[in-house]
Amino acid sequence: MRYDEIGYWSEVKLEIVQKYAAVYSKILSARKNPTLYHVYIDAFAGAGQHVSKTSGNMVPGSPLNALCIQPPFREYHLIDLDSKKVDSLRSHTRDWPNISIYEGDSNKVLIEEVFPKARYGDYRRALCLLDPYGLHLKWQVIESAGNMKSIDIFLNFPVQDMNRNVLWKNPERVDPHQAVRLTDFWGDESWRQAAYDKSSNLFGWEEKQGNEAIVKAFRKRLKDTANFAYVPEPMPMRNSKNAIVYYLFFASQKPVAADIVTDIFNKYRNKGVT
């Protein structure tokens, strides 16, 4: 098994998710009257560990980090499409109980098999990591999580993939199949209004907007369309050249959850590349 190499900011992401997951599990484990049953969901779980580009050492992935949190989650649901990564994940987690590992398309597995295990009316809650490798996530998953009212999500908003393949200065030159990928992620074609503006010139030409406009529009969409009550300002995640590769969003129904994540984000937001 050749493990994925990850950069500094991917390690930061793992720390952020782990810090929130630890607080989340502590709070929900202590909840009484009613008692809540909380689960961890990792939709693009990977092989279980990675290789750090910074140190060359093995780094536990998000599933292994979640498994080490005390008090523990009641269940763990880990999904990946790559059979080799799934085999590796099974090998790394065979000694832990209450784990379900799925080999398949997370867009289907989440809707059909995993999210039903976190229904609000069953006093179940979930923390779900949606960390795709690019524009591989469907809006239906995001909206379903919001409408369930029982799921907190961390979401990789892959702006580098968007800019490279879809959000060109001349949108007429974009491959239609690439545009469909963004529409599937966004949920409709309103991304076009967010990404291009005609009001800033006399000739009505479409001018491409920066990342900030795209992110602002998607944050609003998480609130207004996916029905998450609280969506803090997302965290920009960078590569070794300090260019933004993606934004890490968090969305929840609880103000305290948003406050906790905002505090965590702020501790890392201006941290430089080492």
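Our subject is the structure listed above.
So, here's what we can say about the structure.

With that settled, consider the packing of aromatic side chains. If you walk through the whole model with that rule in mind, you get 18 aromatic pairs. Considering the side-chain rings of Phe157 and Phe185, the 5.9 Å spacing of their centres and the 55° angle between planes classify their relative orientation as tilted. Here Phe185 lies in helix α7 (residues 176-186) and Phe157 lies in strand β8 (residues 151-157), a separation of 28 residues in the sequence. The class for Phe157 is buried, based on a relative accessible area of 0%. Pairwise contacts between aromatic rings join Tyr20, Tyr24, Tyr40, Phe73, Tyr76, Phe154 and Phe250 into one cluster. Cation over ring: Arg124 sits above Tyr37, and NZ or CZ is 4.1 Å from the ring centre. Of note, Arg221 hangs over the ring of Trp139, and the distance from its end group to the ring centre comes to 4.4 Å.

Within the secondary structure layout, Arg269 lies in the segment after α10 (255-268). Measuring from C-alpha to C-alpha, the distance between Arg269 and Pro234 comes to 9.5 Å, with 35 residues separating the pair along the chain. Residues in contact with Arg269, not counting those within four places in the same chain, are Trp9, Glu233, Pro234, Met235 and Pro236.

On to unusual backbone geometry, then. Here the residue pair Asn33 and Pro34 is connected by a cis peptide bond, since its omega of 5° sits within 30 degrees of zero. Secondary-structure assignment places Pro34 in the loop between α1 (8-29) and β2 (37-42). Of note, the bond from Gln70 into Pro71 is cis; its omega dihedral lies within 30 degrees of zero at -5°. Mapped onto the secondary structure, Pro71 falls in the loop between α2 (62-67) and β5 (75-80). For Asn33, which is not glycine, the phi dihedral falls at a positive 50°. Here Asn33 lies in the loop between α1 and β2. Non-glycine residue Asn98 carries a positive phi angle of around 60°.

Another aspect to go through is the sheet that holds strand β12 (residues 244-251). The strand order β6-β5-β2-β7-β8-β12-β11 describes an open sheet built from seven strands, whose pairing is mixed. Of all the strands in the sheet, the pair left with one neighbour each is β6 (99-103) and β11 (235-238). The mean angle between the axes of side-by-side strands here comes to 15°, regardless of whether they run parallel or antiparallel. In the sheet, β2 pairs with β5 via four bridges, with the strands oriented parallel. Bridging across to β5, Tyr40 finds its partner in Tyr76. Here helix α5 (residues 139-148) sits on the sheet and contacts β7 (124-130) and β8; the angle it forms with β8, its principal contact strand, is near 155°.

Our focus in this paragraph is the layout of surface pockets. There is about 810 Å³ of room inside the largest pocket. Taken together, 33 residues make up the lining of the largest pocket; nearest its centre are Glu5, Ile6, Ser10, Lys13 and Tyr246. Going through the elements one at a time, β1 (5-6), α1, α6 (159-165) and β12 are the ones with two or more residues in the lining of the largest pocket. Computed from the structure, the second largest pocket encloses a volume of approximately 400 Å³. Lining the second largest pocket are 20 residues, with Leu28, Arg31, Leu36, Arg125 and Lys254 positioned closest to its centre.

Judged by pairing direction, the sheet is mixed, and its three strands sit side by side in the order β1-β3-β4 without closing on themselves. The strands lining the two open edges of the sheet, one partner per strand, are β1 and β4 (58-60). Pairing of β1 with strand β3 (residues 49-52), which is carried by two bridges, proceeds in the parallel orientation. What sits directly across from Glu5, in β3, is Val51.

Another aspect to go through is the pattern of salt bridges. For the structure on display, the rule yields eleven salt bridges. Between Asp184 and Lys138 there is a salt bridge; the shortest N-O distance is 3.2 Å. Within this pair, whereas Asp184 is found in helix α7, its partner Lys138 is found in the loop between β7 and α5, the two being separated by 46 residues in sequence. Asp184 gets classed as partly exposed once you look at its relative accessible area, which sits at 30%. Owing to a relative accessible area of 36%, Lys138 belongs among the partly exposed residues under this scheme. Ionic pairing is found between Asp224 and Lys220, a salt bridge with its closest N-O pair at 2.6 Å. Here Lys220 and Asp224 lie together in helix α9 (residues 211-224), a separation of four residues that amounts to about one turn. What makes Asp224 partly exposed here is its relative accessible area of 47%.

Definitions and cut-offs
Here the residue numbers are simple positions, counted from 1 along each chain's written sequence. Totals for whole chains, interfaces and linings use every residue, but because this is a predicted model, local features are given only for residues with pLDDT of at least 70 and side-chain atom pairs only at 80 or more, for both listing and counting. Hydrogen atoms and water are omitted, and side-chain values are computed over all heavy atoms in the structure. For Phe, Tyr and Trp, where Trp contributes only its six-membered ring, two rings pair if their centres lie within 6.5 Å, and the inter-plane angle classes them as stacked under 30 degrees, edge-to-face over 60, or tilted in between. The numbering of helices and of strands both runs from the N terminus, where a helix is a DSSP run of H or I of at least 4 residues and a strand a run of E of at least 2. A 1.4 Å probe rolled over the protein chains alone gives each residue an accessible area, and that area as a share of the maximum for its type sets the label: buried under 20%, exposed over 50%, partly exposed in between. Here, a charge over a ring is recorded when the distance from Lys NZ or Arg CZ to the ring centre is within 6 Å and its angle to the ring normal is within 35 degrees. Throughout, a residue-residue contact means that at least one pair of heavy atoms, one from each residue, lies within 4.5 Å. By the convention used here, strands pair only if DSSP detects at least 2 bridges between them. Comment: axis = line fitted to C-alpha atoms, over the contacting stretch for helices; angle = value between 0 and 180 degrees taken between N-to-C directions. Of the two site types, the cavity is a set of points on a 1 Å grid over the protein atoms alone where a 1.4 Å probe fits but cannot get out, and the pocket is an open set with protein on both sides within 12 Å along at least five of seven lines, each lined by residues with an atom within 4 Å of a point. Grid points are joined across faces, edges and corners, and a volume is the space filled by probe spheres set on the points. Take a side-chain nitrogen of Lys or Arg and a carboxyl oxygen of Asp or Glu: if they are within 4 Å of each other, that pair is a salt bridge.

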